[in-house]
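Notes for the structure review
Residue strings, one per chain:
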Amino acid sequence: MYSVKEPDGGTPLRVSDQLVTITIDGAPVTVPAGTSVMRAAAEAGVHVPKLCATDTLEAFGSCRLCLVEIEGRRGYPASCTTPAEPGMKVRTQSDKLARLRRGSMELYVSDHPLDCLTCPANGNCELQEMAGAVGLREVRYGTQGKNHLDLAKDESNPYFIFDPAKCIACSRCVRACEEVQGTFALTLDGRGFDTQIAPGAGNFLESECVSCGACVQACPTATLMEKSIVDKGQPDHTVVTTCAYCGVGCSFRAEIKGAEVVRMVPNKDGHANHGHSCVKGRFAWGYASHPDRIKTPMIRTSIDDPWREVSWDEAIQYAASEIRRIQGAHGRGAVGAITSSRCSNEETYLVQKLVRAGFGNNNVDTCARVCHSPTGYGLKTTLGESAGTQDFDSVDHADVVVVIGANPTDAHPVFASRMKRRLREGARLIVFDPRAIDLARTPHVEATHLLQLRPGTNVALINAFTHTIVAEGLHKEDYVHARCEHAAYDKWKAFICDPRNSPEAMEEATGVPAAKVRAAARIYAGARNAAIYYGLGVTEHSQGTTMVIAIANLAMVTGNLGRPGVGVNPLRGQNNVQGSCDMGSFPHELPGYRHVSDPAVRALFSTHWGVPIEPEPGLRIPNMFDAAIDGSFRALYVQGEDIAQSDPNTEHVTRALRSMECIIVQDLFINETAKFAHVFFPGSSFLEKDGTFTNAERRISRVRKVMPPLAGLGDWEVTVALSNALGYPMHYDHPSQIMDEIAKLTPTFTGVTYDKIDRLGSIQWPCNDKAPEGTPVMHVDEFVRGKGRFVLTEYVPTDERTSWKYPLLLTTGRILSQYNVGAQTRRTRNVIWHSEDHIDLHPHDAEQRGIVDGDWVAVRSRAGETVLRACLTDRMQPGVVYTTFHHPESGANVVTTENSDWATNCPEYKVTAVQLVKVAAPSEWQRQFGDFSARQQELLPRT
Amino acid sequence: MDAHKLVKMANEIASFFEAEPDRAVMLEGVAGHLKRFWDPRMRRELLRWQDEHHGEGLKDTVRDAIAAHRDKLLGGL
């Protein structure tokens with residue numbers, strides 16, 4: 001069911017330059033050509049009864065409730081399937097129409113339980129509403145005839161029930177699964193009276209269903225119903241806010257009863273998601289009220305001491321005194337902070353301001369260090385701005401989609417559904433990935449080319465791809481000459497055309513047949529609009545930045561920038577990766593990606609903040625760890641990150657954490673990093689504060705407080721208090737004032753205000769005098785840096801090589817139901833789908849090692865060893881294995897190394913040489929981890 | 001700071017810029033990157049390694065970049 005009282009035009013909005021005027025019950029209405037009579041009526045304020053129609057789905061015309069009379073036409077056409085035509089005169093009400101509609105309703109109700117008063121949809125049921133609308137007063141067929149009322153409920157899904165007794169076979173759920181989600185998990189099974197909705201052969205949990213909730217949302221009755229509504233009843237009000245999971249940044253209506261969320265419903269007006277959702281945003285919000293939440297500040301002098309619950313004031317004063325003590329003893333640069341991509345723009349802005357103005361150094365970094373920092377560097381260097389070039393809607397205009405090192409159906413599922421729809425419409429797909437990701441072959445979508453390269457050879461492959469285009473003269477020389485630096489281009493053209501970059505020369509490195517590379521490249525070059533979407537499979541390599549640059553080179557040389565349907569689109573992992581980078585979280589940049597060495601920029605901030613700004617870059621996260629071990633870095637404030645689980649070479653990270661004298665963790669839970677902390681500030685979830693998130697398309701959306709902070713303070717308030725205690729006063733009464741300051745100091749944000757976001761729904765930066773309502777597509781007439789700059793991208797193999805001792809390559813990633821380190825999703829019923837991480841390997845590699853599915857297997861690398869359960873799958877190519885890092889005890893990052901991107905130190909998570917050996921016991925690290933975690937649990941206050 | 005790690009990082013930076021055919025531009029690229037992205041204590045340690053260990057393990061490109069742009073790299077130390 002849609003959100004309470006959400007308008008529904010019945011059929012989808014049409015966009016057309018041609019307008020059509022018709023009359024509805026005597027009143028004229030003008031609509032775009034292609035609009036249905038039903039929607040035209042809705043535009044005129046006339047709501048034709050309907051059951052099978054809804055504006056998120058194409059018209060189906062089965063329920064026969066929306067019949068109308070059209071002057072000059074015979075019969076009673078369905079208004080949902082009848083397009084408006086010029087001059088059409090439509091009557092929506094007549095005695096005959098009323099009789100026909102009541103007749104249909106009688107048939108529906110004769111096979112529907114009459115339990116409205118105890119039904120969970122009571123008060124928000126379209127069947128109930130339509131019974132009222134058509135004036136149903138009797139059911140001539142009675143209720144004792146043949147019916148479906150005894151069919152059993154399917155309660156297998158953790159979040160919703162399927163009660164076939166209440167089904168009216170309108171097919172909205174089936175169509176939502178097909179049209180909106182693109183999974184095709186549901187079908188109408190049987191014919192005539194025997195027709196039933198069926199999730200494949202088994203129940204919902206065993207089916208292909210991905211629990212996106214589209215079917216539940218589309219259901220007009222209580223047939224598919226959220227268990228939270230069954231348990232708690234209908235909400236009494238809604239608040240529009242933004243999801244705190246991935247970088248798609250879906251808009252949701254939080255439906256609330258008192259101060260308790262009872263349901264999250266995707267917002268049809270949401271510009272990023274257009275009313276769609278995934279299992280995480282739609283259902284996995286229960287962590288916010290999980291009993292593991294820490295609600296009281298705590299301090300301790302040693303990590304071997306018990307935690308002591310204290311007041312906010314005592315915790316903040318203690319933290320401030322420790323920072324000042326350490327700076328006094330070891331220098332101003334001995335302390336730093338890490339901002340979070342899970343926190344709001346305002347919160348990350350404040351933390352970096354605290355570091356630069358309060359700590360007096362530039363030792364601030366963010367978790368984008370370990371995901372998309374190469375994107376910032378690469379796109380800034382070539383195009384002039386550290387951000388993706390398009391909006392999500394742009395994919396609707398793409399004729400060729402290239403997905404490189406991304407797994408959108410798992411990591412960005414709502415955008416993946418959008419992309420799949422475009423692919424079903426006929427756009428062609430090229431995938432660069434060591435694994436056969438789901439998108440490469442999914443219902444009604446199949447990649448034209450899956451270039452299944454060896455891990456670590458991205459640059460070799462894209463050089464070969466681009467070589468083909470330029471050497472064969474398929475590039476857009478005119479575009480390049482008009483838009484790009486000539487000297488740099490000439491130098492680059494000579495480089496890329498060199499035979500060493502040909503597909504044939506690179507085949508040995510990449511493992512991808514040259515003919516296949518050439519064929520794929522020709523498709524990309526020949527497209528009217530070709531768009532590239534990429535993820536961490538690009539950035540998390542020793543040549544991550546080189547690969548981002550190479551992607552930008554490819555887009556420039558083919559003229560695929562500056563209009564809808566094209567572009568370079570980084571799919572950001574977390575909800576506010578883009579925003580945390582925008583806000584100056586990197587140690588070398590102030591907000592708006594301006595280098596700290598720029599005197600004019602420093603002067604601007606110094607003047608506003610009232611303190612001098614250090615002109616030298618500070619430490620990046622991996623450098624902080626090294627500096628901690630060498631003793632020059634001794635205190636760290638970590639807001640909303642779990643570096644002990646997410647960063648590579650866990651034993652190195654924990655050694656660094658143990659080396660520090662004061663670690664301050666601000667989080668919802670005692671995460672892995674907090675086990676090494678001395679101060680714990682209880683964090684606030686996205687439901688408990690105001691602010692903004694910026695998604696992967698540069699879209700700034702509001703986060704609105706739905707309930708009070710469980711610990712009494714929002715995260716931004718804690719940073720303000722810490723700054724005040726350090727002697728650098730901050731004066732904000734509300735996050736909107738922080739955004740006002742950001743706008744004042746950041747040229748790409750000068751037009752951003754909370755009022756404007758409220759008015760427009762969301763804003764894509766740059767938003768300033770040149771673009772007062774934002775910028776969906778960047779680099780339209782010229783690049784942000786002026787002329788685009790081609791940069792040479794020599795393929796340099798990673799130092800991480802296979803050997804007889806470590807003959808396999810491990811690559812790591814994530815899955816649909818879990819999110820990042822899993823701190824949130826592990827505390828939801830999503831664990832039913834992924835209760836542990838496992839190691840995926842090809843059956844050939846398994847057979848060679850005597851491993852069968854489900855065996856415990858030691859994963860050994862040069863960095864460490866962990867033990868995971870084996871999962872055999874031909875999705876992997878022989879020689880490549882894969883795991884996820886959602887569960888801390890799995891120790892995926894015990895195995896990954898400190899190899900990193902040459903430019904940004906982004907870790908090379910995607911390439912680790914390993915060996916797999918069948919074992920019978922956990923690793924030594926896992927045993928020690930278990931002991932340490934148990935001990936830390938004992939040190940928590942008993943409740 | 002772990003000098004060996006810094007040597008490895010500096011060499012990787014050099015590997016990127018070595019694609020540049022103009023050696024002066026290449027060396028400026030290496031030095032400029034170190035200046036713009038490395039905390040002063042990292043640069044200090046790299047220069048110490050160059051001076052005290054004759055740049056052992058460093059690629060020629062890094063050694064030459066340090067030699068050509070020492071003043072720039074010293075700035076802020």
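Structure shown above.
The sections below set out a description of the structure shown in this document. The structure presented is a predicted model; accordingly, all values stated were derived computationally and were not measured.

Facing 17 residues of chain B, the contacting portion of chain A comprises 20 residues. Sorting the residues of the side of chain B that touches chain A by element identifies helix 1 (3–17), helix 2 (23–37) and helix 3 (40–52) of chain B as the ones contributing at least two each. The element best represented in the side of chain B that touches chain A is helix 1 of chain B, accounting for five residues. The residue inventory of the side of chain B that touches chain A, partitioned by class, reads eight nonpolar, two polar and seven charged.

This paragraph deals with the sheet that holds strand 16 (residues 400–404) of chain A. Strand pairing in a sheet is mediated by backbone hydrogen bonds. Such pairs are either parallel or antiparallel. Residues and elements named next belong to chain A. In spatial order, the strands read 20-17-16-21-22; together these five strands make up an open sheet with parallel pairing. Of all the strands in the sheet, the pair left with one neighbour each is strand 20 (449–451) and strand 22 (568–570). Pairs of neighbouring strands in the sheet enclose a mean axial angle of 15 degrees, with direction left out of account. Pairing between strand 21 (residues 530–534) and strand 22: three bridges, direction parallel. Opposite tyrosine 533, over in strand 22, you have asparagine 569 as the bridge partner.

Residues and elements named next belong to chain A. Relative to the elements of secondary structure, phenylalanine 625 occurs in helix 22 (residues 621–630). Between the C-alpha atom of phenylalanine 625 and that of threonine 654, which follows or precedes it by 29 residues, the distance is 8.9 Å. For phenylalanine 625, the residues in contact, after removing those within four places along its chain, are His652, Val653 and Ala656.

Let's shift gears to the sheet that holds strand 28 (residues 691–694) of chain A. As summarised here, the arrangement of the three strands in space is 28-29-30 (chain A), forming an open sheet in which the pairing is antiparallel. At either end of the open sheet lies a strand with only one pairing partner, and these are strand 28 and strand 30 (763–764) of chain A.

This part takes up the packing of helix 8 (residues 312–330) of chain A against helix 25 (residues 715–725) of chain A. Residue and element names in this part refer to chain A. Between helix 8 and helix 25, the least distance of the axes is 9 Å, while the angle of their chain directions is 55 degrees. By the angle between their axes, helix 8 is oblique relative to helix 25. Handedness of the crossing formed by helix 8 with helix 25: right-handed. Mapping the contact onto sequence places Trp312, Ile316, Gln317, Ala319 and Ala320 in helix 8 and Ala721, Leu722 and Ala725 in helix 25. Of the residues in the contact of helix 8 with helix 25, the class split is seven nonpolar, one polar and no charged.

To continue, consider helix 1 of chain B. Here helix 1 of chain B spans 21 Å end to end across 15 residues, near enough to the 21 Å set by a 1.5 Å rise per residue. Of the positions making up helix 1 of chain B, those classed as buried are Leu6(B), Val7(B), Met9(B), Ala10(B), Glu12(B), Ile13(B), Ala14(B), Ser15(B), Phe16(B) and Phe17(B). Summarising the contacts, the buried residues of helix 1 of chain B are in contact with helix 19 (544–557) of chain A together with helix 2, helix 3 and helix 4 (60–68) of chain B.

Our next topic: the pairing of strand 11 (residues 260–266) of chain A. Residues and elements named next belong to chain A. Across the seven residues of strand 11, five count as buried, placing the element largely inside the fold. Where strand 10 (residues 251–257) meets strand 11, six bridges bridge the pair, whose relative direction is antiparallel. Residue phenylalanine 252 lies in a different strand from strand 11, and its bridge partner there is proline 266. In sequence, strand 10 turns back onto strand 11 through a hairpin of two residues, with glycine 258 there showing a positive phi of about 65 degrees.

This part covers the nonpolar core. The biggest cluster of nonpolar side chains holds 173 residues, and the ones touching the most others in it are Cys173(A), Cys215(A), Val401(A), Val431(A), Leu461(A) and Ile551(A). The leading source of residues in this core is helix 19 of chain A, at 10 residues. In contact with Val401(A), not counting residues within four places along its chain, are Val395(A), Met419(A), Arg422(A), Leu423(A), Ala427(A), Leu429(A), Ala531(A) and Tyr533(A). Formed by 142 residues, the second largest nonpolar core is a distinct cluster that contains Ala334(A), Leu868(A), Val914(A) and Val62(B).

A separate point is helix 3 of chain B. Compared with an ideal rise of 1.5 Å per residue, which puts 13 residues at 18 Å, helix 3 of chain B spans 18 Å between its outermost C-alpha atoms and is within 8% of the ideal. Considered for burial, the residues of helix 3 of chain B that qualify are Arg41(B), Met42(B), Arg43(B), Glu45(B), Leu46(B), Trp49(B) and Gln50(B). Taken together, the buried residues of helix 3 of chain B touch helix 22 of chain A together with helix 1, helix 2, helix 4 and helix 5 (70–74) of chain B.

We now examine the packing of helix 13 (residues 458–471) of chain A against helix 15 (residues 486–497) of chain A. Residue and element names in this part refer to chain A. Between helix 13 and helix 15, the shortest axis-to-axis distance is 8 Å and the interhelical angle comes to 110 degrees. The orientation of helix 13 with respect to helix 15, classified from their angle, is roughly perpendicular. Along its contact with helix 13, which presents Asn463, Thr466, His467, Val470 and Ala471, the element helix 15 presents Lys493, Ile496 and Cys497. Class assignment for the residues of the contact of helix 13 with helix 15 results in four nonpolar, three polar and one charged.

Thresholds applied
- Throughout this document, residue positions are counted from 1 along each chain, in the order its sequence is written.
- Labels are handed out in written order, letters beginning with A for the chains and numbers beginning with 1 for the ligands.
- Totals for whole chains, interfaces and linings use every residue, but because this is a predicted model, local features are given only for residues with pLDDT of at least 70 and side-chain atom pairs only at 80 or more, for both listing and counting.
- For every residue pair, C-beta atoms are placed from the backbone, and the pair is scored as a contact if these atoms sit within 7 Å.
- Note on conventions: DSSP H or I runs of at least 4 residues are helices, E runs of at least 2 residues are strands, and numbering of each starts at the N terminus.
- Put simply, Ala, Val, Leu, Ile, Met, Phe, Trp, Tyr, Cys and Pro go in the nonpolar bin, Asp, Glu, Lys and Arg in the charged bin, and everything else, Gly too, in the polar bin.
- Two strands qualify as a pair provided that DSSP identifies no fewer than 2 bridges between them.
- Note on geometry: axes are C-alpha line fits, over the in-contact stretch for helices, and angles between N-to-C directions span 0 to 180 degrees.
- Each angle gets one of four labels, with under 35 degrees taken as roughly parallel, over 145 as roughly antiparallel, 65 to 115 as roughly perpendicular, and the rest as oblique.
- Crossings are assigned a handedness: left-handed for a near helix turned anticlockwise from the far helix by less than a right angle, right-handed for a clockwise turn.
- Here a helix's expected span is defined as the number of its residues, less one, multiplied by 1.5 Å.
- Counting other C-beta atoms within 10 Å of its own, a residue is labelled buried from 20 upward, exposed at 12 or fewer, and partly exposed in the gap between, with every C-beta atom placed from the backbone.
- Note on terminology: a nonpolar core is a set of buried residues of type Ala, Val, Leu, Ile, Met, Phe, Trp, Tyr or Cys, with members joined through C-beta atoms within 7 Å.

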